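# Secondary and tertiary structure notes
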Amino acid sequence: MVARRNTRADGRLGDAAPASAELALALGDAGTVVAARIAGAEAQLFRCPTVAGVDASGQVVAASVGTSGFVDGLDRTRAWDVDGRHLRTEDVAAGFVLSVVASVVDLYGLPRDTTVTVLHPASLSPGAVEALRDGLDHAGFVGALRAAASVHPEIAARSELTPQPRLDPTVRRRRRAPAPTRAAVLAAAGALVVLVGGAT
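A few words on the overall build of the protein chain. The helix and strand tally for the protein chain stands at five helices and nine strands. When its helices and strands are written in sequence order, the protein chain yields β-β-β-β-β-α-β-β-α-β-α-β-α-α. By residue count, 36% of the 200 residues in the protein chain fall in the buried class. Pairs at least 24 residues apart make up 55% of the contacts formed inside the protein chain by residues separated by at least 6 positions.

Dropping the structure here:
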């Protein structure tokens, strides 16, 4: 992951611990994107391949070389091989997600309770989504899980953290004139007949 801000003496980004932060992780079978919106600033994007491995402690982690295809695999099989270990597919996906989130949290020195939203491909079946949710819950993930609004992870992650424009309450909408009632139409027609008759 490439940082775009100056690093502190401890190697983390920024000058001090941020007051607030939000992360949106768009999970894709080929690549994953994390958008980090810190202290209300414009979201920063981090990209990585959706590849998992196992560390020395036996935990599933994000890796540059390892096992891939497990996101789409949520719809195909309930088991996946990672570095010779036979694991539930949802546990592989969940371990990968938590590893990527932890990397960004450590990079910025964010609090562990930073708000995180995981965006899964909208193409996943309801059963696959529930399996992923179960894997995340089992791994201790605390956050939201919802379908991505775009098939492109960059767009999905950024748009999740982009504030939606709000209507200025001081600007009043132009009101339409109320439609005339039938009685009013008949009364106006009668008045017109009187005016025409008087003119002749």
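This next bit is on helix α4 (residues 153-161). Residues spaced three or four apart along an α-helix point in a common direction, a consequence of the helix completing one turn every 3.6 residues. Listed in full, the buried residues belonging to α4 are A156, A157 and L161. Seen along its axis, α4 keeps its buried residues to an arc of 120 degrees; they face one direction. Considering only its buried residues, α4 is in contact with β1 (21-26), β2 (31-38) and β8 (115-120).

Here we take up the sheet that holds β1. The five strands are arranged β3-β2-β1-β8-β9 in an open sheet whose pairing can be described as mixed. Each end of this open sheet is capped by a strand with a single partner; those strands are β3 (44-49) and β9 (144-147). Each adjacent strand pair in this sheet contributes to an overall mean axis angle of 20 degrees, direction not counted. Summarising the sheet, β2 and β3 pair through six bridges and their orientation is antiparallel. Directly across from V34, in β3, lies its bridge partner F46. In the packing of helix α2 (residues 89-108) onto the sheet, contacts are made with β1, β2, β3 and β8, and the angle to β3 comes to roughly 140 degrees.

A few words on the nonpolar core. L23, L25, F70, V92 and V97 are the most contacted members of the largest nonpolar core, which has 37 residues in total. Going through the elements one at a time, β1, β2, β3, α1 (70-73), β6 (79-82), α2, β8 and α3 (126-139) are the ones with two or more residues in this core. No other element matches α2, which puts 10 residues into this core. A43, L45, A148 and A156 belong to the second largest nonpolar core, which has 11 residues in total.

What follows deals with unusual backbone geometry. Even without a glycine there, the phi angle at A39 is positive, about 55 degrees. Within the fold, A39 resides in the loop between β2 and β3. The exposure class of A39 is exposed, given its relative accessible area of 53%. For D83, which is not a glycine, the phi torsion comes out positive at approximately 50 degrees. Within the fold, D83 resides in the loop between β6 and β7 (85-88).

This part is about the environment of T117. For T117, the position within the fold is in strand β8. In the structure, T117 is positioned 29 residues away from R146 in sequence and 7.6 Å away in space, judged by C-alpha atoms. Residue contacts for T117: discarding those within four places in its chain leaves L23, A24, L25, A144, R146 and E160.

A word on α3. Taking 1.5 Å as the rise per residue, α3 with 14 residues should run 20 Å; its terminal C-alpha atoms sit 20 Å apart, in good agreement. Along α3, the residues that are buried comprise A128, V129, A131, L132, G135 and L136. The buried side chains of α3 occupy one side of the element, clustering within an arc of 160 degrees when seen end-on. α3 presents P126, D137 and H138 as exposed residues on the side facing more than 90 degrees away from its buried surface.

Thresholds applied
- Residues numbered from 1 in each chain as written.
- Predicted model: local features only at pLDDT ≥ 70, side-chain atom pairs only at ≥ 80, totals over all residues.
- Heavy atoms only, no water.
- Helix = DSSP H or I, 4+ residues; strand = E, 2+ residues; numbered from the N terminus.
- Buried < 20%, exposed > 50% of the residue type's maximum accessible area, 1.4 Å probe, protein only.
- Contact = heavy atoms within 4.5 Å.
- Arc of directions from axis to C-beta.
- Pairing = 2+ DSSP bridges.
- Axes fitted to C-alpha atoms, helices over the stretch in contact; angles between N-to-C directions.
- Core = buried A, V, L, I, M, F, W, Y, C linked by side-chain atoms within 4.5 Å.
- Expected span 1.5 Å × (residues − 1).

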